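As a plain string of letters, each chain reads:
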Amino acid sequence: MDDMTPALDRIRTKLELLRQVEAEHGFGVHLGGPKLISPLPEMPALTEVYALFGHLHGDNFRFDPPEILLDGVPWADRHDDPSCPMGSPLILGSELATIPKRLRAEIPRSGPIRLDTEDRDVYWMDPDDYLFLYEHPDEEAEFAVLAPDVVTFFDEVVLGPGYPAMVATVCGPGVAEERLRRGRNRCAYANNWRRLLNTTGLAE
C-alpha cells in the first residue's frame, strides 16, 4: 500500500466503536487493546495493524500477531521452510468454526488465514489442500484471496461489510447464515462477531 494511514485510522475508529458496543451488549467478542509489537521494516503494514489490537476473537475466527512480531527475530533470520508449497506465508489467525465449542480450550485454533510475504495477499486455503500440495508440489494450488493486503483485510473484511463473505468462503454458507433458535436473541445471527458488526452498522 502506498499510504495506509487513512485505512489504519478507520481501523482504529472501528475498534473504538466495537469495544464500546461490546461493553454495552456483551456479545462475548474479545477485542484486545493496543499492543507493543516488534518493528518489522520489511512488513510495516503488518506491524502497524496488529499494534492497534493485539488480538481479535469471535465465534468463527481468532486473529493473533504472527510470532515474528512478538519474538523480535529479524526478517532475515525468520524460519523459512524450503518444502512449504506456498513459500512460508505468515499466519494472521485461524478459523474456529470446525472446532466444537466444548473443545476450544484444548484446541484453540484450526485452519489458518495466511499472508503471502511476496504478493502481500491475504488468503484462505483448505488445510487438506495445503497438505496435498506437500505431497504433490507440481499440482496447481487452490486458494481464495480474501484481500489484496493486510490493512484492507482488517479494514474491509474483518471489521467491515466483507465479513459475511469471508465466513461463507472459509467456514461455509451454512455457518455464515446460521441463526439462533432460542432465547432472547432468537433468529439473530449465531455468529457473535456478525451480531456485533450488525449492531454497529459496520457490516453494511
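See above for the structure.
In short, a report on the structure. Note that this is a predicted model, so its numbers are computed, not measured.

Each value, and the rule that gives it
Residues numbered from 1 in each chain as written. Predicted model: local features only at pLDDT ≥ 70, side-chain atom pairs only at ≥ 80, totals over all residues. Heavy atoms only, no water. Helix = DSSP H or I, 4+ residues; strand = E, 2+ residues; numbered from the N terminus. Polar contact = N/O pair within 3.5 Å; in protein donor to acceptor, adjacent residues only side chain to side chain. Contact = heavy atoms within 4.5 Å. 1 Å grid on protein atoms, 1.4 Å probe; cavity = no way out; pocket = protein on both sides within 12 Å on 5 of 7 lines; lining within 4 Å. Points joined across faces, edges and corners; volume = space filled by probe spheres on them. Buried < 20%, exposed > 50% of the residue type's maximum accessible area, 1.4 Å probe, protein only. Salt bridge = Lys/Arg side-chain N within 4 Å of Asp/Glu carboxyl O. Pairing = 2+ DSSP bridges. Core = buried A, V, L, I, M, F, W, Y, C linked by side-chain atoms within 4.5 Å.

So, about the side chain of glutamate 22. One can find glutamate 22 in helix 1 (residues 5-25). A distance of 3.0 Å separates a polar side-chain atom of glutamate 22 from the backbone nitrogen of glycine 28. For glutamate 22, the contacting residues outside a window of four places in its chain are Phe27, Gly28, Val29, Leu31 and Leu196.

Let us look at the layout of surface pockets. The calculated volume of the largest pocket comes to roughly 600 Å³. Surrounding the largest pocket, 25 residues form its lining, Pro66, Glu67, Pro89, Leu90 and Ile91 being those nearest its centre. Looking at the lining of the largest pocket, the elements with two or more residues in it are helix 3 (67-71), strand 4 (90-95), strand 5 (112-115) and helix 4 (127-135). Among the elements that take part in the lining of the largest pocket, strand 4 stands out by supplying 5 residues, more than any other.

This part is about the environment of arginine 120. Considering the arrangement of structural elements, one finds arginine 120 in the loop between strand 5 and strand 6 (122-124). Judged by its relative accessible area of 34%, arginine 120 falls in the partly exposed class. Placed 52 residues apart in sequence, arginine 120 and glycine 172 show a C-alpha to C-alpha distance of 24 Å. With near-sequence residues (within four places) excluded, arginine 120 lies in contact with Glu42, Met43, Leu115, Pro148, Asp149 and Val150.

Moving on, we come to the pattern of salt bridges. For the structure shown, the criterion picks out 5 salt bridges. In this structure, the salt-bridge partner of arginine 62 is aspartate 64, at a minimum N-O distance of 2.8 Å. Among the ionic pairs, arginine 194 bridges to glutamate 177, the shortest N-O distance being 3.4 Å. One end of the pair, arginine 194, is in helix 8 (residues 192-200); the other, glutamate 177, is in the loop between helix 7 (173-176) and helix 8, with 17 residues separating them in the sequence. Given the relative accessible area of 10%, arginine 194 is considered buried. Since its relative accessible area comes to 44%, glutamate 177 is described here as partly exposed.

A word on the pairing of strand 4. Side-chain positions along a regular strand alternate between the two faces of the sheet. Counting buried residues along strand 4, 5 of its 6 residues qualify, which places the element largely inside the surrounding structure. With 3 bridges joining them, strand 3 (residues 61-63) and strand 4 adopt antiparallel strand pairing. Across the sheet, the residue bridging to arginine 62 is serine 94, located in strand 4.

So, about the nonpolar core. In this structure, Leu56, Phe63, Phe153, Phe154 and Met166 are the most contacted members of the largest nonpolar core, which totals 51 residues. Discounting residues that sit within four places of it in the chain, phenylalanine 153 has contacts with Phe63, Leu92, Ile113, Val122, Leu146, Ala147, Val158 and Met166. In terms of nonpolar packing, the next biggest core, distinct from the first, is built from 6 residues, Cys84, Met86, Tyr123 and Tyr130 among them.

On to empty space enclosed by the protein, then. The tally for this structure, following the rule as stated, stands at 1 cavity of 30 Å³ or more. What the largest cavity holds in volume is close to 40 Å³. Along its surface, the largest cavity is lined by Leu56, His57, Gly58, Phe61, Phe63, Val158, Tyr163 and Trp193. Only strand 2 (56-57) and strand 3 provide two or more residues apiece to the lining of the largest cavity.

So yeah, pure geometry; function would need other evidence.
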